[in-house]
Amino acid sequence: MPHRVLVPFGGNAAPAHWLGKNHLGGKGANLAEMAATGLPVPPGFIIPTPLCSQYYEAGGQLPSALVEALPEGLAHIEAAVGGRFGDAANPLLVSVRSGARVSMPGMMDTVLNLGLNRDTVEGLARRSGNRRFAFDSFRRFIQMYADVVLGLDHYLFEDALELMKDDRGVHLDTALSADDMEALVGQYLAIVEEALGRPFPMDPLEQLQGAIGAVFGSWRSERATVYRRLNHIPEDWGTAVTVQAMVFGNMGEDSATGVAFTRDPATGERAIYGEFLVNAQGEDVVAGIRTPQYLTKSARERAGAAGVSMEEAMPGVFAELASLFALLERHYRDMQDIEFTVQEGRLWLLQTRTGKRTGKAALRIACEMVDEGLIGETEAVQRVDPAVLDQLLHPTLDPAAPREVIASGLPASPGAASGAIVLDSQEAERRAALGEAVILVRAETSPEDIAGMHAARGILTARGGMTSHAAVVARGMGRPCVSGAGTIRIDAAERLVHTGRHTLSEGAIITIDGTTGQVMLGEIPTVEPELSGHFATLMEWADRHRRMKVRANAETPADCRVARQFGAEGIGLARTEHMFFDPGRIVLVRRMILAQEPAERAAALAQLLPLQRADFLEIFNEMAGLPVTIRLLDPPLHEFLPQREQDYQELAEASGLSVATLRRRAEELREMNPMLGHRGCRLGVTSPDIYGMQARAIFEAALAARTPPFPEIMIPLVATRRELDLMKTVVDAAAEEVFGAAGRRLDYLVGTMIELPRAALRAGEIAATAEFFSFGTNDLTQTTLGISRDDSAHFLAAYLEQGIYPRDPFVTLDVDGVGELVELAARRGRETRPLLKLGICGEHGGDPASIAFVEGLGLDYVSCSPWRVPIARLAAAQAALARAA
Ligand code: PEP
Ligand code: MG
């Protein structure tokens, strides 16, 4: 067996899983591992991922070495299961499936029942004693092959099926007879021949080659390409192909097919969870065409469902399945998502993979697996993706809020979301791009909907089960989803949604609750999440392994409170300008800015002083002795200028200046390029009295605070040491004045943001004055890349698509460019001042990948928005653990 092009598994094949996922694809590596573990896997062979690249290099042709090796691969399967490929008496049928390094659910193509033709179908009919089943399989195969390999529309075949059902006066496929199926096969073959001008390929080897090529080709399909872009999967990985013996779940009442999770993927509960269908093939479950039944009796009873559970219908096979669950978890040490088939009472596992789960389930499973001794505490910390915490930290529906439930379905992905109804993916993307919250409402979703699902706040479907496409993808994205809301009907032509009593137009606001499965009219108020239980446990473990501190960017008492609840260990950035916009004081701010005489500015500042002092006092009291970094005024003054005529009138009255004078002054302050204009410490250089007032307010508040605080005063947009020296003089003078008058002193630090490339380069000399650096990576990214923070949205998508930057550099630090400046500044700063405190307070401070990078630089803390604090705590712990490993 040439190992380069085909890797056999199952039967008497040697263990091959050591070749790894990158070579065998995730699915292939798993099958090989399952076979090596002794699990009942149908035998097969894997065509490794490098062959996918070879296929593309050859302009979409199968490499000849592969074509030559196929008979040998088939011989391996034949030896293990007994049938023969293409044999009319005892035909072997195979499935041909994709399998990239990472799972891309539903994104690429699959062909089942391959090897059927006019002769082999008769053999299958004879051997199974079930002619109807044989022709049903052939019918399904023709449709799938025509769709996937020959590029024909599946509606052509579905229409023929519907006509046949109408003709026979039946509703269900299962009510069609063997003769009906045989007649359908004839019709399907005629459809193919008419559409293509040539007959359907009857040579099984030709079928096999066609299917392998189509699976390789589907790697570059549009939907797979979109999925890769959203999930940052490189183009050049390619997919492996798995060719495997078919086993049949549709061989009668002792046959079945199902999907199962070893734990509940929504809640994490340690209970067998899943769905199955008697006398069906796998795609029937996933596609949500027939409503599947529960695996366990207790789950069925809890749901009040009528259909018999697998535990009741097939107790022996169920017991075998349950024992395999335990084996799978012990072997993989994680929750598994499996596909199984029962063929005439014999259980086969078709696939196992690490199960996708909600954030809540991820926490519970990680914590309980530690309790069960399956994994250790650090492994639990490393296992939970910090991004999933986002789902838990977001509000849920206020239980006390009145609501009108208009429909209900399955709780497919937890969390609540409100938004305008949109009926297709394009509309979802269009409206979301305009900033509108939308709920994507579909009969059922298909992989083509992936971009729309991403754009939507939530997803509602009329059909499908807990493991249907919509449910799996929504859970992966953390989008709330209600699936299978059977009473809703979508009128695509009129763009209406009927819910029984209500008729809603596209654009109407609804709320969905993916935790209960309810759909409600209008927008429902929400409540904050509860941060105890498994969340608290995992956070505690994370904190034990974390080196960096985590602070929050906050300036209101409410945000400070949230930050502390989420475990912030200080404030890393209080943007004082946010306090200037308060409606009660904007007139004073404007008077200060537009003052013509020093005395007038002084008068305005004197009135602002007590207000600022009160702001700072609230923050200090809220933070009770934790460090608080307060940044002095940063943005360009014109941002505060009057906008409307009424603003000018009010200001004229307050200041005694004429509207004309005020307008002229405002015009003088206008800038062509405000981001690079009169902002940051440049304001302090030209108007030191503003920074003087702020510093004074900080020190007076600090002395008045209940617990003595630790203020860190931060100067923004510094490029040179001289700027910082001047500003430090202003701050120190205010401190001396306040401390002198009070007869008491307090420790404080004066430091700077590093947010300009020059500051990073000259960090060595700036650190002679600065007692701390906080990397303002928003501005540092803007100025290093020369890309406006505010205008990048128009072109950044094209940059990401073309791989110019791997991620949005305003979300994840551009490690190669901006990262090098951060590294250099940290190093030079510490050379001058070994104990220089270093932190990051740009948006990147809450991004796990960026956190991992700054852990590597040895920064002292990260600071991020209050809601991201838990994410940062976990990411910082993971980064520290990874670094120690
Ligand atoms: C920064 O530039 O990264 C920063 C934190 O400051 P701001 O976002 O307020 O400009
Ligand atoms: Mg900045």
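None of the values given here were measured: they were computed from a predicted structure.

Rules and cut-offs
Residues numbered from 1 in each chain as written. Chains lettered and ligands numbered in written order. Predicted model: local features only at pLDDT ≥ 70, side-chain atom pairs only at ≥ 80, totals over all residues. Heavy atoms only, no water. Helix = DSSP H or I, 4+ residues; strand = E, 2+ residues; numbered from the N terminus. Rg over C-alpha atoms; globule rule 2.2 N^0.38 Å. Buried < 20%, exposed > 50% of the residue type's maximum accessible area, 1.4 Å probe, protein only. Contact = heavy atoms within 4.5 Å. Areas by Shrake-Rupley, 256 points an atom, 1.4 Å probe, with all protein chains shown as cover. Lys, Arg positive; Asp, Glu negative; His and termini not counted. Charge placed at Lys NZ, Arg CZ, Asp CG, Glu CD. Pairing = 2+ DSSP bridges. Axes fitted to C-alpha atoms, helices over the stretch in contact; angles between N-to-C directions. Core = buried A, V, L, I, M, F, W, Y, C linked by side-chain atoms within 4.5 Å. Near = heavy atom within 4 Å. Polar contact = N/O pair within 3.5 Å; in protein donor to acceptor, adjacent residues only side chain to side chain. Nonpolar A, V, L, I, M, F, W, Y, C, P; charged D, E, K, R; others polar. 1 Å grid on protein atoms, 1.4 Å probe; cavity = no way out; pocket = protein on both sides within 12 Å on 5 of 7 lines; lining within 4 Å. Points joined across faces, edges and corners; volume = space filled by probe spheres on them. Parallel < 35°, antiparallel > 145°, perpendicular 65-115°, else oblique. Patch = residues over 30% accessible without salt bridge, like charges linked within 9 Å, V, L, I, M, F, W, Y side chains within 5 Å. Salt bridge = Lys/Arg side-chain N within 4 Å of Asp/Glu carboxyl O. Expected span 1.5 Å × (residues − 1). Donors = N, O, S within 2.8 Å, 3.2 Å for Na, K, Ca; no water. Arc of directions from axis to C-beta. Left-handed = near helix turned anticlockwise from the far one by under 90°.

### Details of the overall build of the protein
Inference 1: A tally of helices and strands in the protein yields 36 helices and 33 strands.
Inference 2: Here the C-alpha atoms of the protein give a radius of gyration of 32 Å, agreeing with the 29 Å that 2.2 N^0.38 yields for 885 residues.
Inference 3: Burial analysis of the protein (885 residues in total) assigns 56% to the buried set.
Inference 4: Across the protein, every contact between residues at least 6 apart in sequence was considered, and the portion connecting residues at least 24 apart equals 68%.
Inference 5: Just so you have it, the protein exposes about 35,400 Å², and 51% of that area is on carbon and sulfur atoms.
Inference 6: For the protein, the centre of its 86 positive side-chain charges and the centre of its 114 negative side-chain charges are spaced 5 Å apart.

### Focus: the sheet that holds strand β1 (residues 7–9)
Inference 1: With antiparallel pairing, the five strands of this open sheet are ordered in space as β1-β2-β7-β5-β6. The open sheet has two edge strands, β1 and β6 (110–114), and neither has a second partner. If you compare each strand with its neighbour and ignore which way they point, the axes differ by 20 degrees on average.
Inference 2: As paired strands, strand β5 (residues 94–100) and β6 are joined by three bridges and run antiparallel to one another. Counterpart to Arg97 in the pairing with β6 is Thr110.
Inference 3: Of the strands in this sheet, β1, β2 (44–47), β5 and β7 (239–245) touch helix α1 (residues 21–37), which is tilted by about 125 degrees from β5.

### Examining the nonpolar core
Inference 1: Core analysis: the largest hydrophobic core is formed by 135 residues, its most contacted members being Leu389, Phe699, Ile715, Phe773 and Phe775.
Inference 2: Sorting elements by how many residues they give to this core places helix α28 (residues 688–704) first, with 10 residues.
Inference 3: Once residues lying within four places of it in the same chain are set aside, the contact partners of Phe773 are Thr752, Ile754, Ala763, Ile766, Ala767, Ala825, Gly829, Leu836, Lys837, Leu838 and Gly839.
Inference 4: Listed in part, the 87 residues of the second largest apolar core include Leu62, Phe138, Ala214 and Leu440.

### Overview of the site of ligand 1
Inference 1: Around ligand 1 sit 14 residues, and of these Arg575, Arg631, Gly776, Asn778 and Arg789 come closest.
Inference 2: Gly776 is positioned such that a nitrogen or oxygen atom in its backbone is 3.3 Å from an oxygen atom of ligand 1.
Inference 3: Asp779 is positioned such that a nitrogen or oxygen atom in its backbone is 2.9 Å from an oxygen atom of ligand 1.
Inference 4: When isolated, ligand 1 has an accessible area of 290 Å², and the protein chains bury 95% of it.
Inference 5: Contributing elements (two or more residues each) for the shell around ligand 1: β27 (571–575) and α32 (777–785).
Inference 6: With three residues, the top contributor of residues to the shell around ligand 1 is α32.
Inference 7: Per-class residue counts for the shell around ligand 1 are three nonpolar, four polar and seven charged.

### Here's the deal with the sheet that holds strand β21 (residues 496–498)
Within a beta sheet, neighbouring strands are joined by backbone hydrogen bonds and run either parallel or antiparallel to one another.
Inference 1: Here we have three strands laid out as an open sheet, ordered β20-β21-β22, and antiparallel in their pairing. The sheet is open, and its two edges are formed by β20 (489–491) and β22 (503–505), each paired on a single side. Taken pair by pair, the neighbouring strands of this sheet meet at an average axis angle of 25 degrees, ignoring direction.
Inference 2: With three bridges connecting them, β20 and β21 associate as antiparallel partners. If you follow Arg489 over to β21, its bridge partner there is His498.

### Here's the deal with empty space enclosed by the protein
Inference 1: Tallied over the full model, the rule gives one cavity of 30 Å³ or more.
Inference 2: The space that makes up the largest cavity amounts to roughly 30 Å³.
Inference 3: As for the largest cavity, its lining consists of Ile406, Ile421, Val441, Leu460, Ile488, Val497, Thr499, Leu504, Ile510 and Val519.

### Let's talk about the packing of helix α5 (residues 131–148) against helix α6 (residues 154–168)
Inference 1: Look at α5 against α6: their axes get within 8 Å of each other, and the N-to-C directions meet at 155 degrees. It follows from the interaxial angle that α5 and α6 lie roughly antiparallel. Of the residues in α6, those touching α5 at Arg139, Ile142, Gln143, Ala146 and Asp147 are His154, Phe157, Glu158 and Leu161.
Inference 2: For the contact of α5 with α6, the residue count by class is four nonpolar, two polar and three charged.

### Focus on unusual backbone geometry
Inference 1: Its identity is not glycine, yet Asn279 carries a phi of approximately 55 degrees, on the positive side.
Inference 2: With respect to the helices, strands and loops of the structure, Asn279 is situated in the loop between β9 (273–278) and α10 (282–286).
Inference 3: What makes Asn279 partly exposed here is its relative accessible area of 26%.
Inference 4: For Arg333, which is not glycine, the phi torsion reads 55 degrees and is therefore positive.

### Topic: a nonpolar patch on the surface
Inference 1: A cluster of nonpolar side chains, contributed by Phe795, Tyr799 and Ile804, occupies part of the molecular surface with about 250 Å² of accessible area.
Inference 2: Considering the arrangement of structural elements, one finds Phe795 in helix α33 (residues 793–801).
Inference 3: A residue is classified by how much of its surface remains accessible, and Phe795, at 33% relative accessible area, is partly exposed.

### Side note on helix α7 (residues 178–196)
Inference 1: Taking 1.5 Å as the rise per residue, α7 with 19 residues should run 27 Å; its terminal C-alpha atoms sit 27 Å apart, in good agreement.
Inference 2: Within the sequence span of α7, burial applies to Ala178, Asp180, Met181, Leu184, Val185, Tyr188, Leu189, Ile191 and Val192.
Inference 3: Two residues or fewer past α7, Gly197 is found with a positive phi of approximately 75 degrees.

### Let's talk about the coordination of the magnesium ion (ligand 2)
The reference angle at a metal is 109.5 degrees if four donors form a tetrahedron and 90 or 180 degrees if six donors form an octahedron.
Inference 1: Around the magnesium ion (ligand 2), the protein supplies Glu755 (OE) and Asp779 (OD) as donor atoms, at distances of 2.0 to 2.1 Å. A residue pair is termed long-range when its members are at least 10 positions apart, and Glu755 in the loop between β30 (749–754) and α30 (757–761) and Asp779 in helix α32 qualify at 24 residues. The exposure classification of Glu755 matches that of Asp779, with both residues buried.

### Considerations on the pairing of strand β26 (residues 549–553)
Inference 1: Burial within β26 is extensive, with four of its five residues counted as buried.
Inference 2: Here four bridges tie β26 to strand β33 (residues 861–864), and the two strands are oriented parallel to one another. Note on β33: the bridge partner recorded for Arg551 is Ser863.

### Describing helix α17 (residues 425–433)
Inference 1: Buried within α17 are the following residues: Ser425, Glu427, Ala428 and Arg431. Taken end-on, α17 shows its buried residues confined to a sector of 160 degrees, consistent with a single buried face. Exposed residues on α17 whose side chains face more than 90 degrees from its buried face are Gln426 and Ala433.
Inference 2: Residues of α17 that are buried sit in contact with β16 (416–422), β17 (438–442) and α18 (450–455).
Inference 3: The N-capping residue of α17, defined by a side-chain oxygen 3.1 Å from the backbone nitrogen of Gln426, is Asp424.
Inference 4: Just past α17, the residue Gly435 takes up positive phi, approximately 90 degrees.

### Comments concerning the packing of helix α20 (residues 533–545) against helix α36 (residues 869–884)
Each pair of packed helices gets described by two things: the angle between the helix axes and the distance between those axes.
Inference 1: Running from N to C, α20 and α36 point in directions that differ by 45 degrees, and their axes come no closer than 8 Å. Compared by their axis directions, α20 and α36 come out oblique. Helix-helix and strand crossings are classified by hand; for α20 and α36 the assignment is left-handed. Across the interface between the two elements, Phe535, Leu538, Met539, Ala542, Asp543 and His545 of α20 pack against Pro870, Arg873, Leu874, Ala877, Ala880 and Leu881 of α36.
Inference 2: For the contact of α20 with α36, the per-class residue count stands at nine nonpolar, one polar and two charged.

### A few points about the pattern of salt bridges
Inference 1: On inspection of all chains with the given rule, the structure shows 65 salt bridges.
Inference 2: The shortest N-O distance in the salt bridge between Arg696 and Glu700 comes to 3.1 Å. Highlighted residues: Arg696 and Glu700, both in helix α28, separated by four residues, approximately one helical turn.
Inference 3: The class of Arg696 is partly exposed, set by a relative accessible area of 27%.
Inference 4: Residue classification places Glu700 among the buried residues on the basis of a relative accessible area of 17%.
Inference 5: Here the salt bridges share partners, and the residues they tie into one network are Glu577, Arg631, Asp634, Arg679, Asp779 and Arg789.

Don't take any of this as a statement about function, it's just geometry.
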